[in-house]
Amino acid sequence: MKSLLSLDLLTNDEIMDILKDAQEFKRGSSFQLKDKIVANLFFEPSTRTHYSFNVAEEKLGMKVLNFDPGSSSLIKGESFYDTVKTFASFGVDCIVIRHTQNRYYDELKNIDVPIINAGDGTKDHPSQTLLDLMTIYEEFGKFSGLKIAIMGDIKHSRVAHGDISIMERLNMQCYTSGPDEYQDDKYSFISMEDALKEMDVIMMLRVQNERHTEKMKLTNEEYLSQYGLTLDKVNKMKKNAIIMHPAPVNRGVELSDEVVECSKSRIFTQINNGVFVRQSILKRTFSK
Ligand code: CP
């Protein structure tokens, strides 16, 4: 049985195998994991990741426990470790975890049940990276040589950090853009103007207000005008270029309303691909 904690621990071939299996699921593979019990432990809010894991698990015929932190013994002071250890002691076969702490899984080394990381702090979001890769591969049939700009609140984004780490390994050229205060010096910066002209993929990010210690200096309108994507900017993108966003979207901040479902947007394709990628991850968990 195999945990999935970070894609940094997988080879490129292992990543491609997960994507291939995800394509099989999209084509209608009938692979099942009946009688396996999975527990979804989300210690941080989530819609897409939590419920697409849930849909993936149901499609695989698994039995699913959805943990609700607000009505659990966390409220009585039970620790994160003891909560996970409790589910392992129930005899569940797999645990899916999202937590605010980077590398929360370091605390769980003696938990003898495979763990799937559904997002840790600002570090990693492996299933999101895989669904992003699947969406790009479906569009272009390759990774090598493609140019992507990830724009917005890079500093607080586990998607940016996780995606860039793997995309660079797959020979994509990665850039970041957006307000100075949200940039990370270790990445190559590109202006909005150059990104519109040169990129194959523009991935917009949400301003993650819940992770900020200080309120954003710009108003939403100022952010949209200076750093967001509006239709006039979309019309300057390359003919075959696409727009991605991990969502949730702040409509009217990083994307204007009409851009969310414009012809270049793959935002809802990403969400759809998330189910197949998560089926593939769960299949891998129980493979030899
Ligand atoms: N993209 C993503 O992780 O969304 P959720 O926070 O809704 O799971």
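Parameters at a glance
Along every chain, residues carry numbers that run from 1 in the direction the sequence is written. At least 70 in pLDDT is required for a residue's local features to be given in this predicted model, at least 80 for side-chain atom pairs to be given and counted, and no such filter applies to totals for whole chains, interfaces and linings, which use all residues. With hydrogens and water set aside, each side-chain value is computed from the structure's full complement of heavy atoms. In short, DSSP must find at least two bridges between two strands for them to pair. The helix count covers DSSP runs of H or I at least four residues long, the strand count covers runs of E at least two residues long, and both are numbered beginning at the N terminus. Angles shown run from 0 to 180 degrees and are taken between the N-to-C directions of axes, each axis being a line fitted to C-alpha atoms and, for helices, limited to the stretch in contact. Residues count as neighbours in contact if any of their non-hydrogen atoms are within 4.5 Å of one another. Here the limits of each domain have been adopted from an automatic or database domain assignment. Accessible surface is computed with a 1.4 Å probe, and the buried area is the amount of it that two parts give up when combined, taken over both parts together. Reported orientations rely on four angle classes, namely roughly parallel under 35 degrees, roughly antiparallel over 145, roughly perpendicular from 65 to 115, and oblique for the rest. By convention, the crossing between two helices is left-handed when the near helix turns anticlockwise from the far helix through less than a right angle, and right-handed when the turn is clockwise. Lys, Arg, Asp and Glu make up the charged group, whereas Ala, Val, Leu, Ile, Met, Phe, Trp, Tyr, Cys and Pro make up the nonpolar group; the residues left over, Gly among them, are polar.

## Details of the sheet that holds strand β2 (residues 63-66)
Ordered by their spatial adjacency, 4 strands build an open sheet running β2-β1-β3-β4, and the pairing between neighbours is parallel. The sheet is open, and its two borders are formed by β2 and β4 (115-120), each paired with just one other strand. Sheet twist, expressed as the mean angle between neighbouring strand axes with direction ignored, is 15°. Bridge count for strand β1 (residues 37-42) against strand β3 (residues 94-99) is 5 bridges, and the pairing is parallel. Counted as the bridge partner of Phe 42 is Arg 98 from β3. Across the sheet, helix α3 (residues 80-90) is in contact with β1, β2 and β3; its angle to β3 comes to roughly 160°.

## Re the domain arrangement of the protein chain
In terms of domain boundaries, the protein chain breaks down into domain 1 (7-124 + 272-285) and domain 2 (126-266). Between the C-alpha centres of domain 1 and domain 2 the distance comes to 26 Å. Contacts between domain 1 and domain 2 engage 31 residues on the former and 26 residues on the latter. Summing both partners gives a buried area of about 2,300 Å² for domain 1 against domain 2, and 59% of it is carried by carbon and sulfur. When the area that domain 1 buries against domain 2 is broken down by residue, the three leading residues are Leu 7, Arg 48 and Thr 122, summing to 25%.

## Focus: the packing of helix α1 (residues 12-26) against helix α10 (residues 267-285)
Interhelical geometry of α1 versus α10 gives an angle of 120° and a closest axis separation of 8 Å. Comparing the axis directions of α1 and α10 gives the class oblique. Crossing of α1 over α10 shows right-handed handedness. Seen from α1, the contacting residues are Ile 18, Asp 21, Ala 22, Phe 25 and Lys 26; seen from α10, they are Asn 272, Asn 273, Phe 276, Val 277, Gln 279, Ser 280, Ile 281, Lys 283 and Arg 284. Grouping the amino acids of the contact of α1 with α10 by side-chain chemistry returns 6 nonpolar, 4 polar and 4 charged.

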